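Residues per chain are reported as follows:
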Amino acid sequence: MNNKITVVALIALITMGCDQEKNIEISSESFTEKELPICKNSKCPEVTINYVEVFGDAKVSEKINKKIKNFIFASLLMGEDCIPTAKTIQEAATGFIEAYNADKAQFPDMAGEYFAEISVNEIYTSKAHLCFEMRQYLFTGGAHGYGTTSFLNIDPKTGEELTSKELFKNSTEFTAFAEKKFRAQQKIAKDQSINDNGFWFENDRFYLPESVGFTQDSLIFVYNQYDIASYADGPIELKIAMKEAEPFLSID
């Protein structure tokens, strides 16, 4: 009897160990407006969403997937609402299309149809760090559409977002280093104002975008249109080689 209890206990311990070491798996998913009932018998604005879904540890994957889907929901949000209420991608896309239909009914001569392109891609993976690139581009009337690029850094063991303090040993020192790289890229001398080339840095002081992208070879910072320059200037990207950034990093 004691032997049977020992075997059962041993199996339980092995199972628990396996659960703790369960790997995160990532699959590619896609969605278009053609999947919506509202678009079966009527023409709808184009909605194209390519994203990733995380599997493995249930609690961890749920946290990560929620962050990814919240980005998609927020990207499709229309009107005056600031906080998405959609629970699914289908619901969020339906809301986007219904907003277009309402605007079209109110302004029948409105030029151009709305469309949305959204993507979430895994661009870096290690045992201690996942990085996702998140892009969205929407046209909702006017002279042109508007798009953004941002990044999401995640601890794959917990599913929580990695903060700047967790990524960098000293953010102030790294920002000073990044400013030197930015000035060299934009040909701005050390004694020149950071805004001398027409940039819009607040209070004439250099700062980095809120999020940073990690790849195997480099760190990527993207200033989206209107962040520090006009729409016509387009997104402004700063890349820093990983070898140069490593002394400032707290994480592999």
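Okay, so let's go over this structure. Computed from a prediction, not measured in an experiment: that's the story for all the values here.

Overview of the pattern of salt bridges
Within the structure shown, the criterion is met by five salt bridges. The residue Glu133 makes a salt bridge to Arg135 at a minimum N-O spacing of 3.2 Å. The class for Glu133 is buried, based on a relative accessible area of 15%. Arg135 gets classed as partly exposed once you look at its relative accessible area, which sits at 39%. A salt bridge links Glu244 to Lys181, with the nearest nitrogen and oxygen atoms 3.0 Å apart. Here the residue Glu244 occupies a position in helix H6 (residues 242-245), and Lys181 occupies one in helix H5 (residues 171-186), the gap between them amounting to 63 residues. Using a relative accessible area of 27% as the deciding quantity, one classes Lys181 as partly exposed.

Considering the layout of surface pockets
By volume, the second largest pocket is sized at about 300 Å³. In terms of lining residues, the second largest pocket is bounded by 18 residues, among which Ser164, Phe168, Pro209, Glu210 and Val212 are the most central. For the lining of the second largest pocket, the secondary structure elements donating two or more residues are strand E5 (146-154), helix H4 (164-167) and H5. Among the residues forming the lining of the second largest pocket, the class breakdown is 10 nonpolar, six polar and two charged.

Focus: H5
With 16 residues, H5 should cover 22 Å at 1.5 Å per step; its first-to-last C-alpha distance of 22 Å lies within 8% of that length. Among the residues of H5, those classed as buried are Phe174, Phe177, Ala178, Phe182 and Arg183. Where H5 ends, the next residue or the one after it, Lys187, has phi of about 60°, a positive value.

Some thoughts on helix H3 (residues 89-106)
Taking 1.5 Å per residue as the helical rise, H3 with its 18 residues ought to reach 26 Å, and the 26 Å between its terminal C-alpha atoms agrees with that figure. Of all the positions in H3, only Ile89, Ala92, Ala93, Thr94, Phe96, Ile97, Ala99 and Tyr100 are classed as buried. Against the buried residues of H3 lie strand E1 (25-32), strand E2 (46-55), helix H2 (58-75), strand E3 (115-126) and strand E4 (129-139).

Focus on the sheet that holds strand E7 (residues 218-223)
Spatially, the three strands line up as an open sheet ordered E6-E7-E8, and their pairing is antiparallel. Single-partner strands in this sheet number two, and they are strand E6 (213-214) and strand E8 (236-241). Sheet analysis places E6 next to E7, joined by two bridges and oriented antiparallel. From the neighbouring strand, Gly213 faces E7, where its bridge partner is Ile220. Where H5 meets the sheet, its contacts fall on E7 and E8, and the angle it forms with E8 comes to roughly 115°.

Here's the deal with the side chain of His129
Along the chain, the position of His129 falls in strand E4. At 2.8 Å, the side chain of His129 and the side chain of Asn153 are in polar contact.

Concerning the pairing of E4
Counting buried residues in E4 gives nine out of 11 residues, a clear majority hidden from the surface. Counted between consecutive antiparallel strands, the loop separating E3 from E4 contains two residues. Two strands pair when backbone bridges link them, and E4 and E5 are joined in this way by nine bridges, in the antiparallel orientation. Pairing of Cys131 across the sheet is with Asn153, part of E5. The loop that links E4 with its antiparallel partner E5 comprises six residues; one of these, Gly141, has a positive phi angle of about 95°.

What counts, and where the lines are drawn
- Residues numbered from 1 in each chain as written.
- Predicted model: local features only at pLDDT ≥ 70, side-chain atom pairs only at ≥ 80, totals over all residues.
- Heavy atoms only, no water.
- Salt bridge = Lys/Arg side-chain N within 4 Å of Asp/Glu carboxyl O.
- Buried < 20%, exposed > 50% of the residue type's maximum accessible area, 1.4 Å probe, protein only.
- Helix = DSSP H or I, 4+ residues; strand = E, 2+ residues; numbered from the N terminus.
- 1 Å grid on protein atoms, 1.4 Å probe; cavity = no way out; pocket = protein on both sides within 12 Å on 5 of 7 lines; lining within 4 Å.
- Points joined across faces, edges and corners; volume = space filled by probe spheres on them.
- Nonpolar A, V, L, I, M, F, W, Y, C, P; charged D, E, K, R; others polar.
- Expected span 1.5 Å × (residues − 1).
- Contact = heavy atoms within 4.5 Å.
- Pairing = 2+ DSSP bridges.
- Axes fitted to C-alpha atoms, helices over the stretch in contact; angles between N-to-C directions.
- Polar contact = N/O pair within 3.5 Å; in protein donor to acceptor, adjacent residues only side chain to side chain.

By themselves these figures say nothing about function.
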